[in-house]
Amino acid sequence: QPVLQKLDGVGAINVQGGDVREIRVELDLAKLEAVRLTALQVAQLLGAEGFDVPGGRLTVGGRELGLKLSGRFRTPQDVGAVVLAAQPNGTQVRVRDIATVLDTTKERRTLTRTNGVPNVMFDVLKQGGSNTVQVVDNVEEALVALRTRLPADVQITKILDGSRFIRVNIASLREALILGGIFAVLVIFVFMLDWRSTLISALALPTSVITAFFVMWRLDYSLNVMTMLALSLSIGLLIDDSVVVRENIFRHLELGEDPITAARKGTSEIALAVMATTFTIVAVFVPIAFMGGQIGQIFEEFGVTIAAAVVVSLIVSFTVDPMLSARLAQRIPPDHHQQMRAHRFYGPLVRFYDDLDRAYCSALKWVLGHRISVVIASLSLFVASLALVPMMGFDFFGRTDQGIYVMRLELAAGTPLPETDRITRQVETVIRKMPETLTVASTVGLREEVNKASLRVTLTPKTKRKRTLSEIMQSVRVELDRLPGLAYTIREVGIASEDQSDALNAAIVLDVRGPDFAELTNVARRAFELVKQTPGVKDPDLSYRAGPPEQRLVIDRLRAGDLAVPFNAAAMTLRTAVEGEVVAKYRDGENNVDIRVQMRPEDRRDLDTIGALSVMSMRGAPVYLREITRLEQGASPAVIERRDRQRQMTIVAQVDGRSLGDVINDIQRKLDALPRASGYTFDWGGEAEQMEDTIDNMALALTLAVLFIYFVLASQFESFIHPFTIMPSLLMALIGALGALFLGGMSLSMASMIGVVLLMGLVTKNAILLVDAANQQRALGKSIEESLLTAGELRLRPILMTSAAMVLGMLPAAVGGDEGSEFFSPMAVAVIGGVITSTFLTLLVTPIVYSWFEHFTLRAIRERRSRARSLEAAPGATAEE
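The following paragraphs examine the structure supplied in this document. In this text, all values refer to a predicted model and were calculated from it rather than measured experimentally.

## Some words on the packing of aromatic side chains
Line of reasoning, step 1. Scanning the model with the defined rule gives 6 aromatic pairs in all.
Line of reasoning, step 2. Both rings, one in Phe 191 and one in Tyr 353, keep their centres 5.4 Å apart while their planes meet at 10°; by these two values the pair is stacked. With Phe 191 in helix H7 (residues 162–192) and Tyr 353 in helix H16 (residues 347–369), this residue pair connects regions lying 162 residues apart in the sequence. Here Phe 191 and Tyr 353 have matching classes, each one buried.

So, in structure tokens, the structure goes:
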């Protein structure tokens, strides 16, 4: 422990198991009576010994000396030599005359072992703000050196490594980041069929990522799961700005312009749209970084990292891309397109893109001629997607498979440690029979409650076993249900906390409160039965327990008063005799060893010997404990819970096979119908409470995202109307996001909802490109329909390119199967589904909405007035004309 405590980043170290040295003074009852001493007197007298007392300063021979009276115990024999009293005959009564001084160990109330082998278990906790991986590396390095100094038969085994999940996920996300970047670059080449354009656009990826690393370093962020997740999900997004700029420059080159002119015109022409798309993403994610609650803590680094990366990509697209386009690009001959159509390898793709352009133009003409029907069909899809939500359900965090689960056992109150140990060994045998089990670390006697035990089970990696963690835990449940009298809870270790064996980390925590204890017990038990009978509920438990049987020695105050025995003296005598009292410390090198005064085991074996204990009265005469007490039997609750000055009982349970939201709704309906007196309330805690807070925070985040998107678009387009032209793309994105989650069998969770928020910033891009191009055409004097047809033709290729880059860039994260992928996979799936539907529906619906809202712009109003004046001035014009 001292070796590990000195390491950088190490906080608390909890030690469980093993023997702890103790100097025990076991008093002989008969000898105590013979010398007319009580156990309490011995404890008080011995407690006044065994330490050093400064005595001041003394000047001798011109020198000042410090004085100290030293009474510190230097050997266990010194304890036995302490004089307690003097007999009338002049003989001294020493501790060793009335007691046996044992250099032994404390009574064990906790047993620990790993895979059946007894051990001493260290839980090493890191300091707040320190890096988990670095702390683990420091501990590993220290243990390597420590192993060489330990005896050969002592082994150090790592039971649980908090950095393993981080390392696995960082490696998985790094792979997704690299693959996503490769896919995004390939998309550019497939669409543009030009290696120069591919190279110029691809340079945005390493530039943006490396610069994002610099921002993370300045903000003191580490390469953790959330920052790597931000980069891997945004890898397709980082190339978007460069793709749009380069594609527009390439289009000007195809028109015969020289590279410098094409770079200048192409960049300036598309600058507004590119800035609008980037600023909408920043407007969505920066507020998330400063939100409160757990969602704000988790996603702060996520939001800031994405915002920083996309801002860098915008700068790269306006600086590096035009510069390289002007210097590396070459003039394109007028017959370039025909040459490409006839090319042996590229020809089929070029002809396909030409056919796609014509097909889209034809579809757009048809859509503009059937506007109401298309909008109704789109709205029907949106309503249908919303109807999927009740079928998916809600979760706080989706169930994750890190290959670790924890179990808590509880036997009847009063069960001794050996019996709890026997049952725990049976449970260990059941678990170790499972072929996926690697280690089983057990602690029998939780916080010295000898009827409780906990187990931490580590399985083989997810990719190396056939069964899921949920299936393995269900198999364990089936086996444990055969053990009579055993109450247990079992749960996987998730992302939210390192150890979820505590009740507060259960999926369902229901607090039942009320004024009267008897009625509260009745209400809590009825509520517990309702929870227990709800489908999907696993391992339900009620916190109320009858305490162990008690033998109460009730003080007879009249008798005690007659004999001049104070209650405190009787109580402390009983405690010292039975439980023992630590009265002093024995210094052995650098270690302090407790000195405990206690009666011999044979003098505290039953109530008769306890009643024979002597208590010293205030008159100086010993009085037997049985003379001033009477015996009563009873029991009390093992735990008394209070909150807001009210009695409370807690129901905890896990969820499996159904979403947490569905289970909570079912339970809430039953609780609302449960008859109870006024003043008895139910309050949710655990993941249920966190999920409610998450939904509220996410609703606020979505609202802020939509508002900020509107403000950004209004400022960019200098219009209060056209942002409404772009906003319907948000609804189009929800169709695909909800549909993809439903088809993937995923529930709505924190991760998937963050994916939806991410969509809010992404999917406006396509509509912005269309609206910006249409506005440019309108500024040239074209009609609304002509502007839309031209804009669709100009922007189809960049829209498809950027959307395909985003989808393929996020695909590795969506299909990842490593440990913890259950957290970030729904996020990527939601984004992919939303981008796909938003892309295709935006290409068709946005022109319709634009054509409607354009009629309310000042430009359209001026055009109508101009046409009216022209008609009035025309000779022979009729009113109808």
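## Comments concerning the environment of Arg 552
Line of reasoning, step 1. Relative to the assigned elements, Arg 552 resides in strand S17 (residues 550–555).
Line of reasoning, step 2. With a relative accessible area of 35%, Arg 552 lands in the partly exposed category.
Line of reasoning, step 3. For Arg 552 and Arg 109, which are 443 residues apart along the polypeptide, the C-alpha to C-alpha distance reads 23 Å.

## Brief notes about the packing of helix H26 (residues 686–717) against helix H29 (residues 750–762)
Line of reasoning, step 1. For the pair H26 and H29, the least separation of the axes is 10 Å and the interaxial angle reads 5°. Accordingly, the angle class assigned to the pair H26 and H29 is roughly parallel. When H26 is examined against H29, the residues Thr 694, Ile 695, Met 698, Leu 702, Ala 705 and Ile 709 are found in contact with a partner set consisting of Met 750, Met 753, Ile 754, Val 756, Val 757, Met 760 and Gly 761.
Line of reasoning, step 2. Residue composition of the contact of H26 with H29, grouped by class: 11 nonpolar, 2 polar and no charged.

## Description of the sheet that holds strand S8 (residues 111–114)
Line of reasoning, step 1. Taken in spatial order, the 6 strands of this open sheet run S9-S8-S12-S13-S11-S14, and their pairing is antiparallel. On the outer flanks of this sheet lie strand S9 (117–118) and strand S14 (487–492), each paired with one strand and no other.
Line of reasoning, step 2. Summarising the sheet, strand S12 (residues 437–446) and strand S13 (residues 449–459) pair through 8 bridges and their orientation is antiparallel. Note on S13: the bridge partner recorded for Val 444 is Ala 453.
Line of reasoning, step 3. On the sheet, helix H19 (residues 417–432) packs against S8, strand S11 (404–410), S12 and S13 and is oriented at approximately 165° with respect to S12.
Line of reasoning, step 4. Running over the sheet, helix H20 (residues 469–480) touches S11, S13 and S14 and is turned about 170° from S14.

## Details of the nonpolar core
Line of reasoning, step 1. Formed by 156 residues in total, the largest nonpolar core has its most connected members in Leu 229, Leu 233, Phe 302 and Ile 508.
Line of reasoning, step 2. For this core, the element with the most residues is helix H32 (residues 821–853), which contributes 15 residues.
Line of reasoning, step 3. Here Leu 233 is in contact with Phe 302, Leu 758, Met 810, Ala 813, Met 827 and Ala 828, once residues within four sequence places are set aside.

What counts, and at which threshold
- Residues numbered from 1 in each chain as written.
- Predicted model: local features only at pLDDT ≥ 70, side-chain atom pairs only at ≥ 80, totals over all residues.
- Heavy atoms only, no water.
- Phe/Tyr/Trp six-rings, centres within 6.5 Å; stacked < 30°, edge-to-face > 60°.
- Helix = DSSP H or I, 4+ residues; strand = E, 2+ residues; numbered from the N terminus.
- Buried < 20%, exposed > 50% of the residue type's maximum accessible area, 1.4 Å probe, protein only.
- Axes fitted to C-alpha atoms, helices over the stretch in contact; angles between N-to-C directions.
- Parallel < 35°, antiparallel > 145°, perpendicular 65-115°, else oblique.
- Contact = heavy atoms within 4.5 Å.
- Nonpolar A, V, L, I, M, F, W, Y, C, P; charged D, E, K, R; others polar.
- Pairing = 2+ DSSP bridges.
- Core = buried A, V, L, I, M, F, W, Y, C linked by side-chain atoms within 4.5 Å.

So yeah, pure geometry; function would need other evidence.
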